[in-house]
Amino acid sequence: MSGLQTRFTEVFGIKHPVMQGGMQWAGRAELVAAVANAGGLGTLSALTQPSAQALADEIRRCRELTDLPFAVNLTILPTLKPVPYDEYRAAIVESGIGIVETAGSNPQLHIAEFKRHGIKVIHKCTSVRHALKAAALGVDAVSIDGFECAGHPGEDDVPGLVLIPAVARQLNIPLIASGGFADGGGLIAALALGADAISMGTRFLCTVESPVHEQVKRTIVQNDERGTDLIFRSLNNTARVARNAISQQVRELEARGAKFEEFAHLVAGQRGRLVYEKGDPDLGVWSAGLVQGLIDDVPTCRALIERIVEQAETIIRRRLSDVLIQ
(Lines give C-alpha, C1' and ligand atoms only; values in the text may rest on other atoms or scores of the structure.)
Protein backbone atom coordinates (compact mmCIF):
# COMPACT_ATOMS: atom_id res chain seq x y z
CA MET A 1 0.00 0.00 0.00
CA SER A 2 1.60 3.25 -1.11
CA GLY A 3 -0.40 5.59 1.10
CA LEU A 4 -1.36 9.23 0.57
CA GLN A 5 1.27 11.85 1.39
CA THR A 6 0.07 15.24 2.62
CA ARG A 7 1.37 18.09 4.77
CA PHE A 8 -0.04 16.22 7.77
CA THR A 9 1.99 13.06 7.13
CA GLU A 10 5.11 15.13 6.43
CA VAL A 11 4.88 17.45 9.44
CA PHE A 12 3.99 14.78 12.00
CA GLY A 13 5.83 11.79 10.54
CA ILE A 14 2.70 9.65 10.23
CA LYS A 15 2.25 7.09 7.43
CA HIS A 16 -1.42 7.78 6.63
CA PRO A 17 -3.45 11.02 6.85
CA VAL A 18 -5.76 9.54 9.49
CA MET A 19 -5.97 10.64 13.12
CA GLN A 20 -7.81 9.24 16.12
CA GLY A 21 -8.91 12.28 18.07
CA GLY A 22 -9.34 12.68 21.82
CA MET A 23 -12.05 10.22 22.90
CA GLN A 24 -12.46 10.71 26.64
CA TRP A 25 -12.76 7.32 28.39
CA ALA A 26 -11.97 5.37 25.22
CA GLY A 27 -8.71 7.19 24.45
CA ARG A 28 -6.48 4.74 26.27
CA ALA A 29 -3.27 2.90 25.46
CA GLU A 30 -4.68 -0.19 23.73
CA LEU A 31 -6.64 1.84 21.18
CA VAL A 32 -3.99 4.53 20.69
CA ALA A 33 -1.22 1.99 20.12
CA ALA A 34 -3.38 0.05 17.66
CA VAL A 35 -3.98 3.20 15.61
CA ALA A 36 -0.28 4.07 15.69
CA ASN A 37 0.75 0.56 14.67
CA ALA A 38 -1.69 0.79 11.75
CA GLY A 39 -0.01 3.96 10.46
CA GLY A 40 -2.37 6.57 11.88
CA LEU A 41 -1.95 9.16 14.63
CA GLY A 42 -3.38 7.78 17.86
CA THR A 43 -4.24 10.16 20.70
CA LEU A 44 -4.33 9.46 24.44
CA SER A 45 -6.92 11.43 26.41
CA ALA A 46 -5.10 13.14 29.27
CA LEU A 47 -8.08 13.94 31.48
CA THR A 48 -9.38 10.37 31.29
CA GLN A 49 -6.61 9.68 33.77
CA PRO A 50 -7.38 10.60 37.40
CA SER A 51 -4.01 12.30 37.96
CA ALA A 52 -0.91 13.52 36.18
CA GLN A 53 1.00 10.50 37.49
CA ALA A 54 -1.67 8.19 36.09
CA LEU A 55 -1.26 9.91 32.71
CA ALA A 56 2.50 9.36 32.82
CA ASP A 57 1.85 5.69 33.61
CA GLU A 58 -0.58 5.41 30.68
CA ILE A 59 1.97 6.98 28.33
CA ARG A 60 4.49 4.37 29.45
CA ARG A 61 1.91 1.63 28.90
CA CYS A 62 1.26 2.91 25.39
CA ARG A 63 5.00 2.89 24.64
CA GLU A 64 5.13 -0.77 25.64
CA LEU A 65 2.56 -1.44 22.88
CA THR A 66 4.04 0.70 20.09
CA ASP A 67 7.32 2.34 19.14
CA LEU A 68 5.60 4.71 16.71
CA PRO A 69 4.57 8.32 17.39
CA PHE A 70 1.31 9.08 19.20
CA ALA A 71 -0.24 12.23 20.63
CA VAL A 72 -1.86 13.29 23.89
CA ASN A 73 -5.09 15.30 23.98
CA LEU A 74 -5.40 18.02 26.63
CA THR A 75 -8.91 19.48 26.68
CA ILE A 76 -9.49 22.69 28.60
CA LEU A 77 -13.15 23.00 29.55
CA PRO A 78 -15.14 24.54 32.44
CA THR A 79 -15.59 21.93 35.18
CA LEU A 80 -17.30 21.81 38.57
CA LYS A 81 -14.04 20.58 40.11
CA PRO A 82 -10.81 22.47 39.22
CA VAL A 83 -8.40 20.47 37.06
CA PRO A 84 -4.62 20.73 37.74
CA TYR A 85 -3.81 21.44 34.10
CA ASP A 86 -0.25 22.49 34.88
CA GLU A 87 0.45 19.06 36.38
CA TYR A 88 -0.97 17.22 33.37
CA ARG A 89 1.01 19.47 31.04
CA ALA A 90 4.21 18.78 33.00
CA ALA A 91 3.57 15.03 32.78
CA ILE A 92 3.22 15.31 29.00
CA VAL A 93 6.45 17.27 28.68
CA GLU A 94 8.43 15.08 31.07
CA SER A 95 7.22 11.94 29.27
CA GLY A 96 8.82 13.14 26.04
CA ILE A 97 5.61 13.30 24.01
CA GLY A 98 6.24 14.93 20.61
CA ILE A 99 2.66 15.78 19.57
CA VAL A 100 -0.16 17.30 21.62
CA GLU A 101 -3.75 18.06 20.65
CA THR A 102 -5.32 20.88 22.64
CA ALA A 103 -9.04 21.60 22.64
CA GLY A 104 -11.69 23.62 24.44
CA SER A 105 -10.99 27.01 26.00
CA ASN A 106 -8.10 29.31 25.09
CA PRO A 107 -4.95 27.12 25.12
CA GLN A 108 -2.46 30.00 24.83
CA LEU A 109 -0.48 29.30 28.00
CA HIS A 110 -0.28 25.58 27.28
CA ILE A 111 0.73 26.09 23.66
CA ALA A 112 3.57 28.39 24.65
CA GLU A 113 4.92 25.85 27.13
CA PHE A 114 4.60 22.92 24.73
CA LYS A 115 6.34 24.84 21.95
CA ARG A 116 9.14 25.81 24.35
CA HIS A 117 9.90 22.10 24.66
CA GLY A 118 9.77 21.44 20.92
CA ILE A 119 6.38 19.71 21.01
CA LYS A 120 4.19 19.99 17.91
CA VAL A 121 0.69 21.24 18.73
CA ILE A 122 -2.61 20.56 17.00
CA HIS A 123 -5.53 22.67 18.21
CA LYS A 124 -9.08 21.43 17.75
CA CYS A 125 -11.72 24.10 17.14
CA THR A 126 -15.17 24.59 15.64
CA SER A 127 -15.05 27.88 13.77
CA VAL A 128 -12.96 29.88 11.30
CA ARG A 129 -12.25 32.61 13.84
CA HIS A 130 -10.95 30.15 16.43
CA ALA A 131 -8.82 28.40 13.82
CA LEU A 132 -7.21 31.71 12.86
CA LYS A 133 -6.60 32.52 16.53
CA ALA A 134 -4.91 29.15 17.04
CA ALA A 135 -2.72 29.71 13.99
CA ALA A 136 -1.73 33.11 15.35
CA LEU A 137 -0.67 31.41 18.60
CA GLY A 138 1.77 29.29 16.62
CA VAL A 139 0.15 25.85 16.46
CA ASP A 140 1.52 23.40 13.90
CA ALA A 141 -1.92 22.31 12.66
CA VAL A 142 -5.61 22.91 13.23
CA SER A 143 -8.27 20.23 13.58
CA ILE A 144 -11.67 21.61 12.58
CA ASP A 145 -14.89 20.03 13.90
CA GLY A 146 -17.95 20.32 11.69
CA PHE A 147 -21.46 20.33 13.12
CA GLU A 148 -21.71 16.59 12.40
CA CYS A 149 -19.14 15.68 15.04
CA ALA A 150 -19.59 13.89 18.34
CA GLY A 151 -18.79 15.83 21.49
CA HIS A 152 -18.77 19.62 21.31
CA PRO A 153 -19.57 21.04 17.83
CA GLY A 154 -19.65 24.67 18.98
CA GLU A 155 -22.57 27.03 18.67
CA ASP A 156 -22.41 28.12 15.02
CA ASP A 157 -23.94 24.94 13.54
CA VAL A 158 -21.77 24.99 10.41
CA PRO A 159 -21.31 21.56 8.78
CA GLY A 160 -17.97 20.37 7.44
CA LEU A 161 -18.89 20.82 3.78
CA VAL A 162 -18.70 24.59 4.33
CA LEU A 163 -16.50 24.85 7.41
CA ILE A 164 -13.53 22.87 6.07
CA PRO A 165 -12.96 24.94 2.91
CA ALA A 166 -13.78 28.15 4.78
CA VAL A 167 -10.88 27.43 7.14
CA ALA A 168 -8.58 25.97 4.46
CA ARG A 169 -8.69 29.10 2.33
CA GLN A 170 -7.37 31.20 5.25
CA LEU A 171 -4.74 28.89 6.78
CA ASN A 172 -1.22 28.06 5.59
CA ILE A 173 -0.66 25.22 8.07
CA PRO A 174 -1.98 21.63 7.91
CA LEU A 175 -5.71 21.23 8.44
CA ILE A 176 -7.32 18.11 9.87
CA ALA A 177 -11.02 17.59 9.11
CA SER A 178 -13.17 16.12 11.86
CA GLY A 179 -16.83 15.19 12.11
CA GLY A 180 -18.62 12.68 9.91
CA PHE A 181 -15.66 10.66 8.59
CA ALA A 182 -15.60 6.87 8.38
CA ASP A 183 -14.33 5.74 4.97
CA GLY A 184 -12.17 6.46 1.95
CA GLY A 185 -14.83 8.58 0.31
CA GLY A 186 -14.79 10.88 3.31
CA LEU A 187 -11.00 11.09 3.21
CA ILE A 188 -11.01 12.06 -0.47
CA ALA A 189 -13.78 14.60 0.18
CA ALA A 190 -11.78 16.16 3.01
CA LEU A 191 -8.66 16.41 0.85
CA ALA A 192 -10.70 17.93 -1.97
CA LEU A 193 -12.09 20.54 0.43
CA GLY A 194 -8.58 21.59 1.45
CA ALA A 195 -7.83 19.41 4.47
CA ASP A 196 -4.63 17.39 4.88
CA ALA A 197 -6.04 14.56 6.98
CA ILE A 198 -9.18 13.31 8.72
CA SER A 199 -9.76 12.77 12.42
CA MET A 200 -12.25 10.15 13.60
CA GLY A 201 -13.74 9.41 17.02
CA THR A 202 -17.01 7.49 16.68
CA ARG A 203 -15.55 5.29 13.93
CA PHE A 204 -12.58 4.32 16.14
CA LEU A 205 -14.94 3.78 19.08
CA CYS A 206 -16.41 0.95 17.03
CA THR A 207 -13.21 -1.10 16.51
CA VAL A 208 -11.90 -4.33 17.99
CA GLU A 209 -9.26 -2.55 20.10
CA SER A 210 -11.61 0.12 21.43
CA PRO A 211 -11.74 -0.43 25.23
CA VAL A 212 -15.52 -0.21 25.53
CA HIS A 213 -18.21 -2.84 26.04
CA GLU A 214 -19.23 -4.83 22.97
CA GLN A 215 -22.86 -3.75 23.41
CA VAL A 216 -21.81 -0.13 22.87
CA LYS A 217 -20.19 -1.14 19.58
CA ARG A 218 -23.30 -3.08 18.55
CA THR A 219 -25.44 -0.05 19.38
CA ILE A 220 -23.34 2.16 17.09
CA VAL A 221 -23.66 -0.37 14.27
CA GLN A 222 -27.44 -0.55 14.76
CA ASN A 223 -27.94 3.23 14.97
CA ASP A 224 -28.39 5.40 11.90
CA GLU A 225 -27.54 9.05 11.23
CA ARG A 226 -30.56 10.16 13.25
CA GLY A 227 -29.38 8.50 16.45
CA THR A 228 -27.92 11.52 18.23
CA ASP A 229 -29.17 14.37 20.40
CA LEU A 230 -27.85 17.88 21.00
CA ILE A 231 -27.81 18.73 24.69
CA PHE A 232 -26.54 21.72 26.72
CA ARG A 233 -27.81 24.13 24.05
CA SER A 234 -29.36 26.24 26.80
CA LEU A 235 -25.90 26.53 28.38
CA ASN A 236 -24.16 27.60 25.15
CA ASN A 237 -22.01 24.49 25.56
CA THR A 238 -23.65 22.20 23.00
CA ALA A 239 -22.73 18.52 23.05
CA ARG A 240 -23.73 15.87 20.52
CA VAL A 241 -24.37 12.55 22.24
CA ALA A 242 -25.94 9.21 21.36
CA ARG A 243 -29.71 9.42 21.67
CA ASN A 244 -30.95 7.46 24.67
CA ALA A 245 -33.32 7.77 27.62
CA ILE A 246 -30.99 10.14 29.48
CA SER A 247 -30.33 12.51 26.57
CA GLN A 248 -34.07 12.74 25.89
CA GLN A 249 -34.72 13.54 29.54
CA VAL A 250 -32.06 16.26 29.51
CA ARG A 251 -33.57 17.80 26.37
CA GLU A 252 -36.99 17.87 28.00
CA LEU A 253 -35.61 19.55 31.11
CA GLU A 254 -33.74 22.14 29.04
CA ALA A 255 -36.88 22.87 27.02
CA ARG A 256 -38.67 23.62 30.31
CA GLY A 257 -35.94 26.07 31.30
CA ALA A 258 -34.27 23.88 33.93
CA LYS A 259 -30.97 25.03 35.40
CA PHE A 260 -27.85 22.88 35.03
CA GLU A 261 -28.00 21.93 38.70
CA GLU A 262 -31.32 20.20 38.04
CA PHE A 263 -29.87 17.72 35.56
CA ALA A 264 -26.17 17.66 36.47
CA HIS A 265 -26.63 14.25 38.11
CA LEU A 266 -27.90 12.85 34.82
CA VAL A 267 -24.88 13.95 32.77
CA ALA A 268 -22.09 13.21 35.25
CA GLY A 269 -18.98 11.92 33.53
CA GLN A 270 -18.84 8.82 35.70
CA ARG A 271 -22.25 7.76 34.41
CA GLY A 272 -20.96 8.02 30.84
CA ARG A 273 -17.97 5.93 31.82
CA LEU A 274 -20.30 3.24 33.14
CA VAL A 275 -21.93 3.04 29.69
CA TYR A 276 -18.58 2.03 28.24
CA GLU A 277 -17.81 -0.37 31.08
CA LYS A 278 -21.20 -2.03 31.63
CA GLY A 279 -22.59 -1.86 28.10
CA ASP A 280 -26.00 -0.38 28.97
CA PRO A 281 -26.44 2.55 26.53
CA ASP A 282 -28.97 4.21 28.88
CA LEU A 283 -26.78 4.47 31.98
CA GLY A 284 -25.60 7.98 31.07
CA VAL A 285 -24.77 10.31 28.19
CA TRP A 286 -21.99 9.29 25.81
CA SER A 287 -20.60 10.92 22.70
CA ALA A 288 -21.48 9.70 19.21
CA GLY A 289 -21.66 11.51 15.87
CA LEU A 290 -23.94 11.48 12.87
CA VAL A 291 -21.39 9.16 11.27
CA GLN A 292 -23.11 6.26 13.03
CA GLY A 293 -25.14 6.05 9.83
CA LEU A 294 -21.98 5.03 7.94
CA ILE A 295 -20.74 2.40 10.40
CA ASP A 296 -21.81 -1.21 9.88
CA ASP A 297 -18.96 -3.33 11.26
CA VAL A 298 -16.35 -3.63 14.01
CA PRO A 299 -12.94 -4.02 12.31
CA THR A 300 -9.47 -3.88 13.81
CA CYS A 301 -7.81 -0.47 13.62
CA ARG A 302 -5.35 -1.81 11.06
CA ALA A 303 -8.11 -3.22 8.85
CA LEU A 304 -10.07 0.03 9.13
CA ILE A 305 -7.19 2.36 8.24
CA GLU A 306 -5.99 0.14 5.41
CA ARG A 307 -9.53 -0.04 4.04
CA ILE A 308 -9.93 3.74 4.17
CA VAL A 309 -6.65 4.31 2.33
CA GLU A 310 -7.41 1.61 -0.24
CA GLN A 311 -10.88 3.06 -0.86
CA ALA A 312 -9.40 6.52 -1.28
CA GLU A 313 -6.75 5.33 -3.72
CA THR A 314 -9.37 3.40 -5.70
CA ILE A 315 -11.55 6.49 -5.96
CA ILE A 316 -8.59 8.48 -7.28
CA ARG A 317 -7.60 5.82 -9.82
CA ARG A 318 -11.03 4.79 -11.05
CA ARG A 319 -13.96 6.99 -10.21
CA LEU A 320 -12.26 10.36 -10.58
CA SER A 321 -10.30 9.32 -13.67
CA ASP A 322 -13.55 8.08 -15.26
CA VAL A 323 -15.18 11.44 -14.58
CA LEU A 324 -12.25 13.27 -16.14
CA ILE A 325 -12.32 11.04 -19.23
CA GLN A 326 -16.02 11.66 -19.74
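In this text the structure is predicted, and so the values were computed from the model without any measurement.

Undergrad: Would you take a moment to explain the overall build of the protein chain for this structure?
TA: Tallying secondary structure elements over the protein chain gives 14 helices and 10 strands in all. Projected onto its principal axes, the C-alpha positions of the protein chain cover 60 × 45 × 40 Å. Classification of the 326 residues of the protein chain by burial places 52% in the buried group. At a minimum sequence separation of 6, the contacts of the protein chain that also span at least 24 residues come to 61%. Surface exposure of the protein chain reaches about 14,300 Å², of which carbon and sulfur atoms provide 52%.

Undergrad: Would you mind showing me how to read the packing of aromatic side chains here?
TA: The description of two aromatic rings rests on the distance between their centres and on the angle between their planes. For the structure on display, the rule yields 5 aromatic pairs. The interplanar angle of 75 degrees and the centroid separation of 6.3 Å between the aromatic rings of phenylalanine 232 and phenylalanine 260 together place this pair among those described as edge-to-face. With phenylalanine 232 in the loop between β9 (228-231) and β10 (239-242) and phenylalanine 260 in helix α12 (residues 260-263), this residue pair connects regions lying 28 residues apart in the sequence. Take phenylalanine 232: its relative accessible area is 12%, and that puts it in the buried class. By relative accessible area, phenylalanine 260 is classed as partly exposed at 23%. Considering the side-chain rings of tyrosine 276 and tryptophan 286, the 6.4 Å spacing of their centres and the 70 degrees angle between planes classify their relative orientation as edge-to-face. Of this pair, tyrosine 276 sits in helix α13 (residues 269-278) while tryptophan 286 sits in the loop between α13 and α14 (301-325), and the two are 10 residues apart along the sequence. When sorted by exposure, tyrosine 276 lands in the same class as tryptophan 286, which is buried.

Undergrad: I tried to follow the domain arrangement of the protein chain on my own but got confused; where do I start?
TA: It is common to give the size of an interface as the accessible area that goes away when the parts come together. For the protein chain, the assigned domains are domain 1 (7-210 + 301-323) and domain 2 (228-287). Relative to domain 2, the C-alpha centre of domain 1 lies at a distance of 24 Å. Every contact between the two is made by 14 residues of domain 1 and, on the other side, 15 residues of domain 2. Note on domain 1 versus domain 2: buried area summed over both sides is about 1,300 Å², and carbon and sulfur give 54% of it. Looking at the side of domain 1 facing domain 2, the largest losses of area belong to Trp25, His152 and Glu155, adding up to 43% of the total buried there. Applying the counting rule to domain 1 against domain 2 returns 9 residue pairs in polar contact (both at pLDDT 80 or more).

Undergrad: Is there a simple way to think about the sheet that holds strand β1 (residues 18-20) in this case?
TA: To summarise the sheet geometry, strands pair through backbone hydrogen bonds and adopt either a parallel or an antiparallel arrangement. What the 8 strands build is an open sheet, ordered β1-β8-β7-β6-β5-β4-β3-β2; its pairing is parallel. Of all the strands in the sheet, just β1 and β2 (43-45) have a single pairing partner and so form its edges. Pairwise comparison of adjacent strand axes, ignoring direction, gives a mean angle of 25 degrees for this sheet. Bridge count for strand β4 (residues 99-104) against strand β5 (residues 120-125) is 5 bridges, and the pairing is parallel. Paired with glutamate 101 across the bridge in β5 is isoleucine 122.

Undergrad: Where do I start with the state of the cysteines in this structure?
TA: Where two cysteines share a covalent bond between their sulfur atoms, that bond is called a disulfide. Enumeration according to the criterion identifies 0 disulfides in this entry. There is no disulfide at cysteine 149, and the cysteine sulfur nearest it, in cysteine 125, is 11 Å away. A residue is classified by how much of its surface remains accessible, and cysteine 149, at 4% relative accessible area, is buried. As a non-bridged cysteine, cysteine 301 has cysteine 206 as the owner of its nearest cysteine sulfur, 11 Å distant.

Undergrad: Looking at this structure, how should I read the nonpolar core?
TA: Considering soluble globular proteins, one finds that nonpolar side chains tend to be buried as a cluster. Counting 73 residues, the largest nonpolar core has Val142, Phe204 and Trp286 as its most contacted members. Per-domain counts for this core show at least three residues from each of domain 1 (7-210 + 301-323) and domain 2 (228-287). In this structure phenylalanine 204 touches Val18, Met19, Gln20, Met23, Leu31, Val35, Ser210, Cys301, Leu304 and Ile305, once residues within four positions along its chain are discounted. Counting residues in each nonpolar core, the second largest holds 12 residues, with Val250, Phe263, Leu266 and Val267 among its members.

Undergrad: In this structure, what is going on with the pattern of salt bridges? I would like to understand it.
TA: It is possible for side chains of opposite charge to pair when their charged atoms get near one another. Tallying each qualifying case throughout the model produces 19 salt bridges. Salt-bridge contacts for aspartate 196 lead to arginine 7; the nearest nitrogen and oxygen are separated by 2.9 Å. Of this pair, aspartate 196 sits in the loop between α8 (184-192) and β8 (197-200) while arginine 7 sits in helix α1 (residues 7-12), and the two are 189 residues apart along the sequence. Residue glutamate 58 is joined to arginine 61 by a salt bridge in which the shortest nitrogen-to-oxygen separation is 2.8 Å. Pair noted here: glutamate 58 and arginine 61 are both in helix α3 (residues 52-65), with a separation of 3 residues, about one helical turn. Using a relative accessible area of 8% as the deciding quantity, one classes glutamate 58 as buried. By sharing partners, the salt bridges in this structure join Glu30, Glu58 and Arg61 into a single network.

Undergrad: Which parts of the structure should I look at to understand the side chain of threonine 228?
TA: In this structure, threonine 228 sits in strand β9. Residues within four places of threonine 228 in sequence aside, it is in contact with Arg240, Val241, Ala242, Arg243, Ala288, Gly289, Leu290 and Gln292.

Undergrad: Is there a simple way to think about the packing of α3 against helix α4 (residues 85-94) in this case?
TA: The packing of two helices is summarised by the inter-axis angle and the distance between the axes. In contact at an axis separation of 8 Å, α3 and α4 are set at 25 degrees when each is read in the N-to-C sense. Looking at the two axes, α3 sits roughly parallel to α4. Note on packing geometry: the crossing formed by α3 with α4 is right-handed. Taken together, the residues of α4 that come into contact with α3 (itself represented by Ala52, Leu55 and Ile59) are Glu87, Tyr88, Ala91 and Ile92. Of the residues that constitute the contact of α3 with α4, the class distribution is 6 nonpolar, no polar and 1 charged.

Cut-offs used in this document
Residues numbered from 1 in each chain as written. Predicted model: local features only at pLDDT ≥ 70, side-chain atom pairs only at ≥ 80, totals over all residues. Heavy atoms only, no water. Helix = DSSP H or I, 4+ residues; strand = E, 2+ residues; numbered from the N terminus. Buried < 20%, exposed > 50% of the residue type's maximum accessible area, 1.4 Å probe, protein only. Contact = heavy atoms within 4.5 Å. Areas by Shrake-Rupley, 256 points an atom, 1.4 Å probe, with all protein chains shown as cover. Phe/Tyr/Trp six-rings, centres within 6.5 Å; stacked < 30°, edge-to-face > 60°. Domains from an automatic or database assignment. Buried area = accessible area lost by both parts, 1.4 Å probe. Polar contact = N/O pair within 3.5 Å; in protein donor to acceptor, adjacent residues only side chain to side chain. Pairing = 2+ DSSP bridges. Axes fitted to C-alpha atoms, helices over the stretch in contact; angles between N-to-C directions. Disulfide = S-S within 2.5 Å. Core = buried A, V, L, I, M, F, W, Y, C linked by side-chain atoms within 4.5 Å. Salt bridge = Lys/Arg side-chain N within 4 Å of Asp/Glu carboxyl O. Parallel < 35°, antiparallel > 145°, perpendicular 65-115°, else oblique. Left-handed = near helix turned anticlockwise from the far one by under 90°. Nonpolar A, V, L, I, M, F, W, Y, C, P; charged D, E, K, R; others polar.

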